[in-house]
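Working through the structure, step by step
One letter stands for each residue in the lines below.
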Amino acid sequence: MSVETEIKEDSRKPVITVSGSVLNFSVLLILAGFMIYMYADITDTIENSVLLLRCISEGHIRDFYEYSVANSTTLYAANYSFFTYIIWALWNIPIFLSWKIYGANYLSSPPALMWGKLPLIFAAVIAVLLMNRIAAEIIKEKDGNGSEEYGPFAGKGPGFICIFAFFGSSAFLLSLVILTQIDIIALDLILLGVLFYITNREKMFIIAFALAMPFKTFALFVFLPLILLKEKNILKIVGKTLCIFILPLTEALLFGRSAIYRAALGSQARDAFRQLLGPNFPSGTCIFILVFVAVLVYCILAANRSRREIIYICFLVLGSFVTFVQITTYWVILMLPFLVIIIAAESRGRILYLLLEAVASFCFFMEEAISSVPLNEDGMLINRLLLRPLSGRSEAVYSYDSMIDMFTRYGIDQCYEAFFSIFMACMLLLLILTHPRIVDRAGEKLEIKNPVSAAAVLILRAVLFATVFWLPLHAYGAVDRLLFSNREYADQEYGIKIMDEDVHSVVQVFKILNDGTARKLKLRLKNNNSTRSDFSSLKISLYESGKEEPIAEKIIGCSLIPANSDTVISFRKTEFKKDTEYEIRIEGIEGVNTETAPVPEVYASSSIFSYYGQLYIDGESCGGELYFELGE
């Protein structure tokens, strides 16, 4: 054997294999998340499915939506399709029986709640099996077209890659594990329909999409291009499309007389329609509608396409939907399986696609955490299941009010546009680079051949995945050891303007009721007229009375104080004693442009809660005390 041949063969050996370890890590976090995270929506679904069973047992099934409004104890009464609740009702019969026989409070029971969301995990496994089957069909049709892969995926088949890419995606973690949404049920049916489509089983294809429509009307976005690819007769197109509306029409006949049903499902439809047609660009144009119409026209004109192209069309439609529509946070999972199928079926560019998907999903999470309702409205996100009983927490005080509160404290909220731009750039690259013709033309240029670089991409995915898992846990984490807080009991708030006329200092003297430790001081500041020309600042200090050296000290530029924020000053863990007097000092430091400088305020309460509390403004005693917290 020549030296050249020996080197060539050696270079084909897998130098680094990290995919198995990264996948195991991801699965462990998914299982941990299953036992920790419980979003409010799924508790509503569980409650309403049990109410459906109660309604059936009492013989009032056609009054289900009225019954839900009258009896639901969760945030929302039933506002999903009736068929959604049928699925969950069948699964939750054990919960219903525990309530019926023992009067069990299932909404406060972690085992009952985990049982109620367990179908989502089964559905995720089914989705991966369907992705693997579709990818195998594409590979079979290609007849091995594409280069053999070495490195982190050496010897791995499409099934492993589907599992790795889907379960290791931050988009999957966000949608299914953290926000525990039921969209995965519709996704299974859509994937089943696509599988029937590429294997030429048209009747089953239509049935699968007819079953998907009650769970997610967006299934229509996939159905229409696919039916237009095969069918060119207008009457047959209209007839087959109407077939997939059978269940929604049946439901409308059953419950159409109910004003509550019409209002509940109508509000859902209106919200989705507004988001769908809402412009994302200053021109007022909804890019997704343009893309979707162009795809429909292409499908009308085109003959049957290869399986690769069919899956790409699905990814193009749903990828454009996610990129160009201001979607609800958890809808991102709708496009993910089609990208995963492409990654599994195309060995060329696989590592590059995984890198772009990881960055896109992470940036999507960050911009949604800054801006969206779902990640900011549910303060009980981590306290419904096992975290609280296992940690032995009592009534806990949260570290932050919400995700956006946490990001605002550290200035990360200012990066919203950057996260959104990076997400959009990665998605556009994926939509372009995964096109079959570009894959064929680019060939090996798309590959990351260095096994060390490829392994680094997979490790980066694991790091971003872990960060998405940890951030909500940190934001909604609780601290039992709060030394003092008067925020919940404040009588009447008012703002003390600093650097207004002759006010230049505020001093809060206090003692605490019990010995303890703290390393954070939280105050509430306000600045309604922040400008870049303001060079004034506030100096905030925490002292033990009579000592010259402060326990903590921080200078904050007034132009950096938002309209209303909690400012946290961290310091080394310090022992506080109940018989010792302490002082919080806030001093204004004027800048060079005092005429136009805004006047910051610090919030105070008209009541006094701390032991021996005294508030001084420029050395003169006044009533009330500052809002403040001391804790871990």
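Residues take numbers from 1 onward in each chain, read along the sequence in its written order. Totals for whole chains, interfaces and linings use every residue, but because this is a predicted model, local features are given only for residues with pLDDT of at least 70 and side-chain atom pairs only at 80 or more, for both listing and counting. Hydrogens and waters are ignored; side-chain quantities use all the structure's heavy atoms.

A separate point is the overall build of the protein chain. Helix and strand assignments follow DSSP, with helices taken as H or I runs no shorter than four residues and strands as E runs no shorter than two, numbered in order from the N terminus. A count of helices and strands for the protein chain gives 25 helices and 15 strands. When accessible area is computed with a 1.4 Å probe and restricted to protein chains, residues below 20% of their type maximum are described as buried, those above 50% as exposed, and intermediate ones as partly exposed. Burial status across the protein chain gives 52% buried among its 632 residues. Within the protein chain, contacts between residues at least 6 apart in sequence are counted, and of these 80% link residues at least 24 apart. Surface exposure of the protein chain reaches about 28,200 Å², of which carbon and sulfur atoms provide 59%. We call two residues in contact when some of their heavy atoms are within 4.5 Å. Accessible surface area values rest on a Shrake-Rupley calculation with a 1.4 Å probe, where residue burial reflects the displayed protein chains alone.

This brings us to the packing of aromatic side chains. Here the aromatic set is Phe, Tyr and Trp, taking the six-membered ring for Trp, and pairing holds for ring centres within 6.5 Å; pairs whose planes are under 30 degrees apart are stacked, those over 60 apart are edge-to-face, and all others are tilted. Across all of its chains, the model carries 35 aromatic pairs by this definition. Ring centres of F221 and F292 lie 5.3 Å apart, and the angle between their planes is 65 degrees; on these two criteria the pair is classed as edge-to-face. Here the residue F221 occupies a position in helix α12 (residues 219-230), and F292 occupies one in helix α16 (residues 287-301), the gap between them amounting to 71 residues. Overall, F292 belongs to the buried group, its relative accessible area being 10%. Considering the side-chain rings of F288 and F321, the 5.5 Å spacing of their centres and the 65 degrees angle between planes classify their relative orientation as edge-to-face. Taken together, the residues F288 in helix α16 and F321 in helix α17 (residues 307-324) connect sequence positions 33 residues apart. A relative accessible area of 1% places F288 in the buried class. Exposure remark for F321: the relative accessible area of 1% places this residue in the buried category. Two thresholds decide whether a charge sits over a ring: the Lys NZ or Arg CZ must be within 6 Å of the ring centre and within 35 degrees of the ring normal. Above the plane of the ring of Y197 lies K230, whose end atom (NZ or CZ) is 4.5 Å from the centre.

The next subject is the packing of helix α3 (residues 40-57) against helix α5 (residues 82-91). Simply put, an axis is a line fit to the C-alpha atoms, just over the touching stretch for a helix, and the angle between two N-to-C directions goes from 0 to 180 degrees. Where α3 contacts α5, the two axes come as close as 8 Å, and the packing angle between them is 85 degrees. On the basis of the axis angle, α3 is roughly perpendicular to α5. Counting all contacts with α3, which are made through I42, T45, I46, N48, S49, L52 and L53, the residues of α5 involved are F82, Y85, I86, W88 and A89. Gly falls in the polar group here, along with every residue not listed as nonpolar (Ala, Val, Leu, Ile, Met, Phe, Trp, Tyr, Cys, Pro) or charged (Asp, Glu, Lys, Arg). Each residue belonging to the contact of α3 with α5 can be placed in one class, and the counts come to nine nonpolar, three polar and no charged. Should an angle lie under 35 degrees it is considered roughly parallel, over 145 roughly antiparallel, and from 65 to 115 roughly perpendicular; all remaining angles are considered oblique.

Now for the environment of V509. Residue placement: V509 occurs in strand β5 (residues 505-511). Taking the C-alpha atoms as reference points, V509 and Y582, 73 residues apart in sequence, are found 5.7 Å from one another.

Before going further, it helps to examine the environment of S68. Inspection of the secondary structure puts S68 in helix α4 (residues 64-71). Spatially, the C-alpha atom of S68 lies 6.5 Å from that of N48, the residues being 20 residues apart in sequence. The contacts of S68, once residues within four sequence positions are left out, are N48, L51, A77 and A78. N or O atoms within 3.5 Å of each other form a polar contact, as long as, within protein, one can give a hydrogen and the other can take it, and as long as residues adjacent in sequence are counted only when both atoms are side-chain atoms. Within the structure, the side chain of S68 is placed 2.8 Å from the backbone nitrogen of A78, a separation counted as a polar contact.

In this section: helix α7 (residues 110-142). One turn of the α-helix equals 3.6 residues, which is why residues spaced by three or four share an orientation. Helix span, as expected, comes to 1.5 Å for every residue beyond the first. Its 33 residues place the ends of α7 48 Å apart at the C-alpha level, agreeing with the 48 Å of an ideal helix rising 1.5 Å per residue. Its maximal kink placed at G116, α7 deviates by approximately 35 degrees, while the proline P119 follows within four residues. Bend angle per residue: angle between axes fitted to the 7 residues ending at that residue and the 7 residues starting there.

Along α5, the residues classified as buried are F82, T84, Y85, W88 and A89. Around the axis of α5, the buried residues are gathered within 150 degrees of arc, so they sit on the same side. Packing partners of the buried residues in α5 comprise α3, α4, α6 (93-102), α7, α10 (183-198) and α14 (246-255). Arc definition: it is the arc formed by the directions from the helix axis to the C-beta atoms.

It is worth spelling out a nonpolar patch on the surface at this point. Residues L90, I93, L97, I101 and Y102 make up a contiguous nonpolar surface patch of about 560 Å² in total accessible area. For the nonpolar patch, the leading source of residues is α6, giving four residues. Tracing the backbone shows L90 in helix α5. By definition, no residue in a patch forms a salt bridge, and every one has over 30% relative accessible area; like charges are joined within 9 Å, nonpolar side chains (Val, Leu, Ile, Met, Phe, Trp, Tyr) within 5 Å. Salt bridges are identified by distance alone: a Lys or Arg side-chain nitrogen within 4 Å of an Asp or Glu carboxyl oxygen.

Right, let's talk about the environment of F166 for a bit. Here F166 shows up in helix α8 (residues 158-167). A residue is classified by how much of its surface remains accessible, and F166, at 0% relative accessible area, is buried. For the pair F166 and V340, spaced 174 residues apart in sequence, the C-alpha separation works out to 6.4 Å. Ignoring sequence-local partners within four residues, the contact set of F166 consists of A124, A127, V128, M131, F172, I184, I333, L336, P337 and V340.

Take the pattern of salt bridges next. It is possible for side chains of opposite charge to pair when their charged atoms get near one another. Counted under the stated rule, the structure contains 16 salt bridges. The salt bridge partner of D183 is K216, with a shortest N-O separation of 2.7 Å. One end of the pair, D183, is in helix α10; the other, K216, is in the loop between α11 (202-212) and α12, with 33 residues separating them in the sequence. As a salt-bridge pair, K522 and E629 come within 3.3 Å of each other at their nearest N and O atoms.

Before going further, it helps to spend a moment on the confidence of the model for the protein chain. Confidence of the predictor at the level of single residues is given by pLDDT, which spans 0 to 100. Across the protein chain, pLDDT averages 83, with 82% of residues at or above 70. Ranking the elements of the protein chain by mean pLDDT puts helix α1 (residues 3-11) last with 42 and α11 first with 96. Counting contacts from residues 1-15, a segment whose pLDDT is below 50, to residues more than four positions away or on other chains yields seven contacts.

Our next topic: the pairing of strand β7 (residues 537-544). Buried residues dominate β7, accounting for six of its eight residues. Strands are treated as partners if at least two bridges between them are detected by DSSP. Where β7 meets strand β8 (residues 552-557), six bridges bridge the pair, whose relative direction is antiparallel. Paired with S537 across the two strands is G557, which belongs to β8. Bridge count for β7 against strand β10 (residues 582-589) is eight bridges, and the pairing is antiparallel. Counterpart to E544 in the pairing with β10 is Y582.

To continue, consider the packing of α10 against helix α18 (residues 336-345). Following both chains from N to C, one finds α10 and α18 inclined at 45 degrees, their axes separated by 11 Å at the closest point. Classed by the angle they form, the pair α10 and α18 counts as oblique. Between α10 and α18, the contacting residues are L187, I190, L191 and V194 on the first element and P337, F338 and I341 on the second. Residue composition of the contact of α10 with α18, grouped by class: seven nonpolar, no polar and no charged.

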